[in-house]
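Now for the letters of each chain:
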Amino acid sequence: MELLPRGPAEFGSARYWERFFRQRGRRPFEWYGAFPELCPVLRKYIRPRDKVLVVGCGNSELSEQMYDTGMCEDIMNIDISEAVIHQMQERSASKRPKMSYVLMDVLQMDFPDAHFQVVLDKGTLDAILTDDEEATLSKVDRMFAEVSRVLQVGGRYLCVSLAQTHVLKKAVEYFSQEGWVVRVHEVAGSRDEQQFVLPVFVYVMTKFKKIPGSAQQILEICPEEQDKPMRMESAERLVEAVRDRQHYALLCSQLSKTPCGEQLSLDLCEKVSGRPRYTLHVVDSPSVKPSRDNRFAIFIIPQGRETEWLFGTEDGRRQLAASAGFGRLVTVALHREQRYEGMASIQAELSGKVMELAPPGLPARQQVPFLSVGGDIGVRTVRHCDSSPLSGEYVVEDVKGDDACYFRRLVFLSNRNVVQSEARLLAPAPPPGQKKRRKDKKKAGPAEPPTAIDKSYLCCEHHKAMVAGLCLLGSPDPVPGSPIAVLVVGLGGGSLPLFIHDYFSQAQVAVVEIDPCMLEVATCWFGFSQGERMQVHVADGLDYVAKLAAEAPAQYDAVMFDVDSKDLTVGMSCPPPAFVEKPFLQKVKTILKPEGVFVLNLVCRDARLKESVLTVLREVFPLLYARRTDGEVNEILFCQPSPEGRRDPTELGARARVLEGALQQPGRPWDSSYVLADMLQAVTII
């Protein structure tokens, strides 16, 4: 039996609907949801004494149920199908004397002007507006004009719809330009998986007299979980908000049916401001054998640790899910702009929402565990936030890591999942002569986090590898007391140049930084300072190197590039593409001494782009070593101007051990986890 149209255009055909209802018979056809789901929204806008017009009524039971429940009785139903009007007249004539069914086209109605307080449309607009063709849009304009004509001022046009983008956009633009108030409700519990994956929406257009010259538009949305409407600044933003709800519904539908091969992510936002509050990643582990107790869990990432490899990368989250032993793990990252009371309040806030992401077959009342590291939500304190014309908005924040250590971080908000610079903080020593607190005294409150910078500790693995690259310098034995000249392009928080300055006592360090704001941040928040052996030049690194190549060649023992790209559309985030073009690299080679080394921090996710960069580097530098850093996407490249300095990993490891021993002077702090030999034994010659 043919009950579906051959094409979308047939939805607007009277002949199709006549055939449809004759073939379907007396079985009600509920177009987009039944009365129980729609009732809570309809009751807000339909009063018992209202005169209600239902356009395109079909054989839905909606009007009958509105009548029988006392919502209203003065209901006029119209449709273009003679068969369905006759059927519905027979069904309601004796039971509902105040309700009428009339054969009429919504595009040309016979009712007088301002005759109704409510016009109710359940799927009729969607059936007519099947495409963006001019003829179709003309029909919709005639429909809207007729709805507007028969409604009183203050009356409501209630349109039940799946809110396809072209349908919603047309309705919102038409009525908002007429000066009407437009509100869109998402209908709770309206996702009938057997009919529609998408949720059902009700557009509520309230008629007001159009004020000549007024451009003010009132546009609102009411998500299903809240009654209070949210004001939208434009029709485009309203359409976007509805699309977000639809995408979420599609995501939940997909996750409820099959395991997801790829990790899916979504943001949960504040209801009022719309700002992201939680970022969720859904990770399925096919290797985990499912049982009643290990099918689903939620993992709260401690504040400030969302950038760590285990939590901030796909491979890390996959390992986390497998080690946790759950078939589906949802990781939850907390946003720095938000406040959180604790694990219990987060659990209460998320419990209902995360259950929509549950795997297929999970019992409805299954208790889902909330996991974390150490059972708490971590500590994050924003110390400073500002904006730079070159780097955009940024924050300096202190976060609590493993083993109760605190770290200070610089994060550019344009790329908020990447830590730009990081330094460990030193726990303050007690003042001289201060007595220890007796154990039986009243327990002290939470200690204040430390604020002094530990300059002996390199937080970034790629910085450790870059420093280890100084073992490649041409002297027979690398000695930290030997005079060397080092140029560092890219300051950040200053950890890299500070370490070289402090541990290589005869090093002359020049730093080039294009953004003066970063020099201020490094000085004020990361313990950086200039002096006789440390000078910062605020300049474009490209211009500075070009000038040196022309005026002072063969000046530096080591040149280090640790500079990020502001263009996030390129598959290489470090360095900017101009820094690895052949003419510029030849200038870098010019300012190096013959036995010197050029150290490049390369972060490139585009395989083809990376290979082209390596090709250019090999053309300029005859000797090229590469070292991947564990847990990071960074790759450190050591480039030398002469092939005669070639050394195998074993020799490099031996040189690194000599240098490391020399760096560990009595009375000078040293990070015992920093083993230079490990940094260099993993290098490969490419």
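The model shown is predicted, which means the values in this text are computed figures rather than measured ones.

## Considerations on the sheet that holds strand β9 (residues 230–232)
Stage number 1. Taken together, nine strands build an open sheet; the order of strands is β3-β2-β1-β4-β5-β7-β6-β8-β9 and the sheet is mixed. A strand with exactly one partner marks an edge of an open sheet, and here the two such strands are β3 (100–103) and β9. Direction aside, the axes of adjacent strands within the sheet are offset by 20° on average.
Stage number 2. Here helix α4 (residues 82–92) sits on the sheet and contacts β2 (75–79) and β3; the angle it forms with β3, its principal contact strand, is near 165°.

## Some words on helix α15 (residues 541–551)
Stage number 1. Looking only at α15, the buried set comprises Gly541, Tyr544, Val545, Leu548 and Ala549. When α15 is viewed along its axis, its buried side chains cluster within an angular range of 135° and face the same direction. For α15, the exposed residues set more than 90 degrees away from the buried face come down to Asp543, Lys547, Ala550 and Glu551.
Stage number 2. If you check the start of α15, you find a side-chain oxygen 2.9 Å away from the backbone N of leucine 542, and it comes from aspartate 540.

## A short note on the pairing of strand β7 (residues 201–206)
Stage number 1. With six of its six residues buried, β7 lies for the most part within the structure.
Stage number 2. Burial along β7 is two-sided: the residues Phe201, Tyr203 and Met205 and Val202, Val204 and Thr206 are all buried.
Stage number 3. Here strand β6 (residues 181–186) runs beside β7; their pairing, made up of six bridges, is antiparallel. The partner of valine 184 across the bridge, within β7, is tyrosine 203.

## With respect to the sheet that holds strand β15 (residues 380–388)
Sheets are built from strands that pair by backbone hydrogen bonding, the pairs being arranged parallel or antiparallel.
Stage number 1. The antiparallel open sheet is built from five strands, whose spatial order is β15-β16-β17-β18-β19. A strand with exactly one partner marks an edge of an open sheet, and here the two such strands are β15 and β19 (452–453).
Stage number 2. Looking at chain direction, strand β18 (residues 421–426) and β19 are connected through two bridges and run antiparallel. Bridge pairing in β19 places leucine 425 opposite isoleucine 453.

## Comments concerning the packing of aromatic side chains
Stage number 1. Per the stated rule, a full pass over the model turns up 16 aromatic pairs.
Stage number 2. When the centroid spacing of 4.7 Å and the interplanar angle of 55° are considered together, the rings of phenylalanine 144 and phenylalanine 175 count as tilted. One end of the pair, phenylalanine 144, is in helix α6 (residues 134–150); the other, phenylalanine 175, is in helix α7 (residues 165–177), and 31 residues separate them in sequence.
Stage number 3. Cluster of aromatic residues (ring-pair linked, three or more members): Phe144, Tyr157, Tyr174, Phe175 and Trp180.
Stage number 4. The ring centre of tyrosine 457 lies 3.8 Å from the NZ or CZ of arginine 424, which sits over that ring.
Stage number 5. Here the guanidinium or amino end of lysine 464 rests over the ring plane of tyrosine 457, the centre of that ring lying 5.7 Å away.

## Here we look at unusual backbone geometry
Stage number 1. In this model, cysteine 574 is joined to proline 575 through a cis peptide bond whose omega is -5°.
Stage number 2. Mapping proline 575 onto the fold places it in the loop between β24 (572–574) and α16 (582–591).
Stage number 3. Even without being a glycine, alanine 163 presents a positive backbone phi close to 60°.
Stage number 4. For alanine 163, the position within the fold is in the loop between β5 (151–161) and α7.
Stage number 5. Accessibility expressed as a relative area gives 2% for alanine 163, which makes it buried.

## A short note on the pattern of salt bridges
Stage number 1. In total, this model carries 33 salt bridges according to the counting rule given.
Stage number 2. One salt bridge connects glutamate 186 with arginine 245, and the closest N-O pair in it is separated by 2.8 Å. Remark: arginine 245 occurs in helix α8 (residues 235–257) and glutamate 186 occurs in strand β6; sequence separation between them is 59 residues.
Stage number 3. A salt bridge links arginine 424 to aspartate 454, with the shortest nitrogen-to-oxygen separation between them at 2.8 Å. Residue arginine 424 is found in strand β18, and its partner aspartate 454 is found in the loop between β19 and α12 (461–468); the two are separated by 30 residues along the sequence.
Stage number 4. Taking the relative accessible area as the measure of exposure, aspartate 454 reaches 8% and is therefore buried.

## Side note on the nonpolar core
Stage number 1. Leu53, Ile78, Met109, Phe111, Leu125, Tyr157 and Tyr203 are the most contacted members of the largest nonpolar core, which totals 44 residues.
Stage number 2. Top element by residues in this core is α7. It accounts for six residues.
Stage number 3. Excluding its chain neighbours within four sequence positions, the residues that come into contact with leucine 53 are Met76, Ile78, Met109, Phe111, Phe116, Val118, Val119, Leu120 and Val150.
Stage number 4. Formed by 40 residues, the second largest nonpolar core is a distinct cluster that contains Ala465, Phe499, Phe504 and Val683.

## Digging into empty space enclosed by the protein
Stage number 1. Tallied over the entire structure, the rule returns one cavity of 30 Å³ or more.
Stage number 2. Here the largest cavity is characterised by a volume of approximately 70 Å³.
Stage number 3. Ala423, Ile453, Asp454, Lys455, Tyr457, Gly493, Ser495, Leu498 and Phe526 together form the lining of the largest cavity.
Stage number 4. A per-class count over the lining of the largest cavity returns five nonpolar, two polar and two charged.

## Topic: the packing of α7 against α8
Stage number 1. Axis separation between α7 and α8 bottoms out at 10 Å; the angle between their running directions is 145°. Crossing handedness for the pair α7 and α8: right-handed. Residues Thr165, Leu168, Lys169, Val172 and Glu173 of α7 form the contact with α8, whose own contacting residues are Ala235, Leu238, Val239, Val242 and Arg243.
Stage number 2. For the contact of α7 with α8, the per-class residue count stands at six nonpolar, one polar and three charged.

## What about the confidence of the model for the chain?
Stage number 1. Model confidence for the chain is summarised by a mean pLDDT of 84, while 86% of its residues fall at 70 or above.
Stage number 2. Low pLDDT, under 50, characterises residues 1–13; the predicted model gives this stretch 25 contacts beyond four residues in sequence or across chains.

## Some points on the pairing of β18
Stage number 1. One ladder, built from four bridges, connects strand β17 (residues 406–412) with β18; its direction is antiparallel. Each bridged residue has a counterpart across the sheet, and for arginine 408 the counterpart in β18 is alanine 423.

How each quantity is defined
Residues numbered from 1 in each chain as written. Predicted model: local features only at pLDDT ≥ 70, side-chain atom pairs only at ≥ 80, totals over all residues. Heavy atoms only, no water. Pairing = 2+ DSSP bridges. Helix = DSSP H or I, 4+ residues; strand = E, 2+ residues; numbered from the N terminus. Axes fitted to C-alpha atoms, helices over the stretch in contact; angles between N-to-C directions. Contact = heavy atoms within 4.5 Å. Buried < 20%, exposed > 50% of the residue type's maximum accessible area, 1.4 Å probe, protein only. Arc of directions from axis to C-beta. Polar contact = N/O pair within 3.5 Å; in protein donor to acceptor, adjacent residues only side chain to side chain. Phe/Tyr/Trp six-rings, centres within 6.5 Å; stacked < 30°, edge-to-face > 60°. Lys NZ or Arg CZ within 6 Å of the ring centre and 35° of its normal. Salt bridge = Lys/Arg side-chain N within 4 Å of Asp/Glu carboxyl O. Core = buried A, V, L, I, M, F, W, Y, C linked by side-chain atoms within 4.5 Å. 1 Å grid on protein atoms, 1.4 Å probe; cavity = no way out; pocket = protein on both sides within 12 Å on 5 of 7 lines; lining within 4 Å. Points joined across faces, edges and corners; volume = space filled by probe spheres on them. Nonpolar A, V, L, I, M, F, W, Y, C, P; charged D, E, K, R; others polar. Left-handed = near helix turned anticlockwise from the far one by under 90°. pLDDT = per-residue confidence, 0-100.

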